[in-house]
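What follows is each chain in one-letter form.
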There are 2 protein chains.
Amino acid sequence: MNHQFRTYLVTGAARSGARSTVDVVQAAIDGGVDAVQLREKGATARERYHLGRELRATTRDAGVPLVVNDRIDLARAVDADGVHLGDDDLPVRVAREQLGEDAIVGRSVSTVEGARDAEAAGADYLGVGAVFRTDSKDVSDEQSEVGLDRVRAIREATALPFVGIGGITVANAESVAAAGADGVAVISAITAADDPRRATEQLGEAVAAGRAGR
Amino acid sequence: MNHQFRTYLVTGAARSGARSTVDVVQAAIDGGVDAVQLREKGATARERYHLGRELRATTRDAGVPLVVNDRIDLARAVDADGVHLGDDDLPVRVAREQLGEDAIVGRSVSTVEGARDAEAAGADYLGVGAVFRTDSKDVSDEQSEVGLDRVRAIREATALPFVGIGGITVANAESVAAAGADGVAVISAITAADDPRRATEQLGEAVAAGRAGR
Ligand code: NI
């Protein structure tokens, strides 16, 4: 499977206003989103399981990959395409053992060393960030605002596809792709947009422009 | 495997004082503990993974079953004997699918209906509670202090083995077994004891007395 995601939606009901996560995901699919990650920090595993089954039906119909944040067991339970792991989660190697060669295993990194380690461990793609300032509370100091120079350095250091994440908007997405990211991962830029479908389209256009300008 | 655990230790570094969880588990094993559950609420999955591998080595040497709270993927990753699930976790059926027929799948319940549902879903044993008042913060109102009458009612309602949990001490363990529990699950009664090995022995003796008196 191609893991060069241009637009990548991370779900977050807390930042989706009155809209359901399923509605936001459907709008993003209509706008051409390339991948969806079930995150929903703060929800229980049971809640994520029920939501994940709904998202699996929606994304499968559209041919869009679904990955699950953190939990390999949940990914299997909802028949997701893979998982996305961070420093606090189970290792990439464990996910590969449990999910098999065909699964998508993503890894969050914030440094060149982290990118190299993830590639060596067998990750399929990276989430690099936080690129810009973000109000997300699960970003440690050393991971905050790594900037476009770090994106360029990680592009030099790894052959893996990667998306930039953290503080990315329609306005700055082009710069992230121009710096070397294959795409952008967002929560609020889609979930909190007036028109999530249009926002997804605009993010895709911005990424295409940035990649073309390299 | 026999799932009639007389003494069942739930790990909790926060209530183990200066002792490491591995040391507490070894002392409980020396005192004859019948099962160990890796819980460690508040630890990351990565931290639980490393601790779980240590506990697996310790418990395997002693022939003591190790189950992992909540996470099926973590149970597989550390080669545990099974998982223990609650209302907020993935369903028993999912654990059975992912871990297989030989795995131990436990379920927390606080009502007769919950016990029947867990038995129907294929659980191997139950944790019934909270039997007594407990300062544990992950107990909802309806689960708090269900009392010995509830233990008796659940004993009538199910053929599954079960341990009482919640506020259990050396002083009250006999009453829990006399009411129908096969054993007792504890955190502090072992982890915070002056002598965790002796506390485990005393809990086992209290349970034996309670079972003999039925
Ligand atoms: Ni068994």
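Structure report, in brief. (Residues numbered from 1 in each chain as written. Chains lettered and ligands numbered in written order. Predicted model: local features only at pLDDT ≥ 70, side-chain atom pairs only at ≥ 80, totals over all residues. Heavy atoms only, no water.)

**Remarks on the sheet that holds strand β7 (residues 162-165) of chain B**
Residues and elements named next belong to chain B. Definition in use: Note on pairing: two strands pair once DSSP finds at least 2 bridges between them. Secondary structure elements follow DSSP: runs of H or I of four or more residues count as helices, runs of E of two or more count as strands, with numbering from the N terminus. Fitting a line to C-alpha atoms yields each axis, with helices limited to the stretch in contact; the angle taken between N-to-C directions then spans 0 to 180 degrees. The contact criterion used is simple: two residues touch if any of their non-hydrogen atoms lie within 4.5 Å.
Judged by pairing direction, the barrel is parallel, and its eight strands sit side by side in the order β1-β2-β3-β4-β5-β6-β7-β8 before closing back on the first. Geometrically, the sheet is characterised by an average inter-axis angle of 25 degrees between neighbouring strands, direction not taken into account. Pairing analysis gives three bridges linking strand β3 (residues 66-69) to strand β4 (residues 82-85), with the strands arranged parallel. Bridge pairing in β4 links Val68 to Val83. Of the strands in this sheet, β1 (7-10) and β8 (183-186) touch helix α9 (residues 196-212), which is tilted by about 150 degrees from β8.

**Concerning unusual backbone geometry**
Peptide bonds are trans in most cases, and residues, glycine excluded, mostly fall at negative phi. All names here are of chain A. Put simply, Gly129 and Ala130 share a cis peptide bond, and its omega is 0 degrees. Here Ala130 is to be found in the loop between β6 (125-129) and α6 (147-157). Of note, the phi angle at Asp79 is positive, near 60 degrees, even though the residue is not glycine. Summarising the element assignment, Asp79 is placed in the loop between α3 (72-77) and β4 (82-85).

**What to know about the pattern of salt bridges**
Side chains bearing opposite charge may pair, as long as their charged atoms lie close to each other. Our working rule: The salt bridge definition used is simple: a Lys or Arg side-chain nitrogen within 4 Å of an Asp or Glu carboxyl oxygen. Relative accessibility thresholds used throughout: buried, under 20% of the residue-type maximum; exposed, over 50%; partly exposed, between the two (1.4 Å probe, protein chains only).
Here the structure, examined in full by the defined rule, presents 26 salt bridges over all chains. Between Asp70(B) and Arg71(A) there is a salt bridge, and its shortest N-O distance comes to 3.1 Å. Of this pair, Asp70(B) sits in the loop between β3 and α3 (72-77) while Arg71(A) is found in the loop between β3 (66-69) and α3, placing the two residues in two different chains. Both residues of the pair, Asp70(B) and Arg71(A), belong to the buried class. The residue Arg56(B) makes a salt bridge to Asp81(B) at a minimum N-O spacing of 3.0 Å. Of this pair, Arg56(B) sits in helix α2 (residues 45-62) while Asp81(B) sits in the loop between α3 and β4; the two residues are 25 residues apart in sequence, bridging distant segments of the chain.

**Looking at the interface of chain B and chain A**
Defined as follows: Buried area is calculated as the accessible area (1.4 Å probe) missing from two parts once they are joined, with the contributions of both summed. Within 3.5 Å is the distance limit for a polar contact, defined as a pair of N or O atoms, with the added protein rule that one can donate a hydrogen and the other accept it, and that residues adjacent in sequence qualify only through two side-chain atoms. Following the grouping adopted for this structure description, the nonpolar residues are Ala, Val, Leu, Ile, Met, Phe, Trp, Tyr, Cys and Pro, the charged ones are Asp, Glu, Lys and Arg, and the polar ones are all others, Gly among them.
Each partner contributes to the interface: chain B provides 22 residues, whereas chain A provides 22 residues. Together, the buried faces of chain B and chain A total about 1,800 Å²; carbon and sulfur atoms form 47% of this surface. Summed over the three residues of chain B that lose the most area to chain A, namely Arg46(B), Asp73(B) and Leu90(B), the buried surface amounts to 31% of that side. At the boundary of chain B and chain A, one finds two salt bridges. At the surface where chain B touches chain A, the tally comes to 15 residue pairs in polar contact (both at pLDDT 80 or more). The residue inventory of the side of chain B that touches chain A, partitioned by class, reads eight nonpolar, three polar and eleven charged.

**Considerations on the sheet that holds β3(A)**
Residues and elements named next belong to chain A. Strand order in the closed barrel made by the eight strands is β1-β2-β3-β4-β5-β6-β7-β8, with parallel pairing throughout. Averaged over all neighbouring strand pairs, the angle between strand axes comes to 25 degrees, with direction disregarded. For β4 and strand β5 (residues 104-109), the ladder comprises four bridges, and the chain directions are parallel. The partner of Gly82 across the bridge, within β5, is Ile104. Docked against the sheet, α6 engages β5, β6 and β7 (162-165), running at close to 165 degrees with respect to β7.

**Points about α9(B)**
Residue and element names in this part refer to chain B. Note the cut-off: Multiplying 1.5 Å by the helix residue count minus one yields the expected span of that helix. As used here, the arc is the angular range of directions from the helix axis to the C-beta atoms.
The first and last C-alpha atoms of α9 sit 24 Å apart over 17 residues, in line with the 24 Å expected at 1.5 Å per residue. The set of residues buried in α9 consists of Pro196, Ala199, Thr200, Leu203, Gly204, Ala206, Val207 and Gly210. Along the long axis of α9, the arc covered by the buried residues comes to 165 degrees, so they all point the same way. Turning to α9, the residues buried within the fold contact β1, α1 (21-30), α7 (173-178), β8 and α8 (188-191).

**Points about the nonpolar core**
Under the convention used in this document: Residues grouped as a nonpolar core are buried Ala, Val, Leu, Ile, Met, Phe, Trp, Tyr and Cys residues, joined through side-chain atoms within 4.5 Å.
If you look at the biggest cluster of nonpolar residues, it comprises 104 residues, and the most contacted ones within it are Leu126(A), Ile168(A), Val184(A), Leu126(B), Ile168(B) and Val184(B). When sequence neighbours within four positions are dropped, the list of residues in contact with Val184(B) reads Phe5(B), Arg6(B), Thr7(B), Tyr8(B), Val163(B), Gly164(B), Ile168(B), Ala173(B), Val176(B), Leu203(B) and Val207(B).

**Regarding the packing of aromatic side chains**
Residues and elements named next belong to chain A. The condition is simple: Ring pairs are drawn from Phe, Tyr and Trp, using the six-membered ring of Trp, whenever the two centres fall within 6.5 Å, and their geometry is named by plane angle: stacked under 30 degrees, edge-to-face over 60, tilted for the rest.
For the structure on display, the rule yields six aromatic pairs over all chains. Centre to centre, the rings of Phe5 and Tyr125 are 5.4 Å apart; their planes meet at 80 degrees, and the pair counts as edge-to-face. With Phe5 in the segment before β1 (7-10) and Tyr125 in strand β6, the pair connects residues that are 120 residues apart, well separated along the chain. In this pair, the class of Phe5 matches that of Tyr125, namely buried. Between the aromatic rings of Tyr8 and Tyr125, the centroid separation amounts to 5.8 Å while the plane-to-plane angle is 55 degrees, which identifies the pairing as tilted. Remark: Tyr125 occurs in strand β6 and Tyr8 occurs in strand β1; sequence separation between them is 117 residues. Among the aromatic residues, those joined into a ring-pair cluster are Phe5, Tyr8 and Tyr125.

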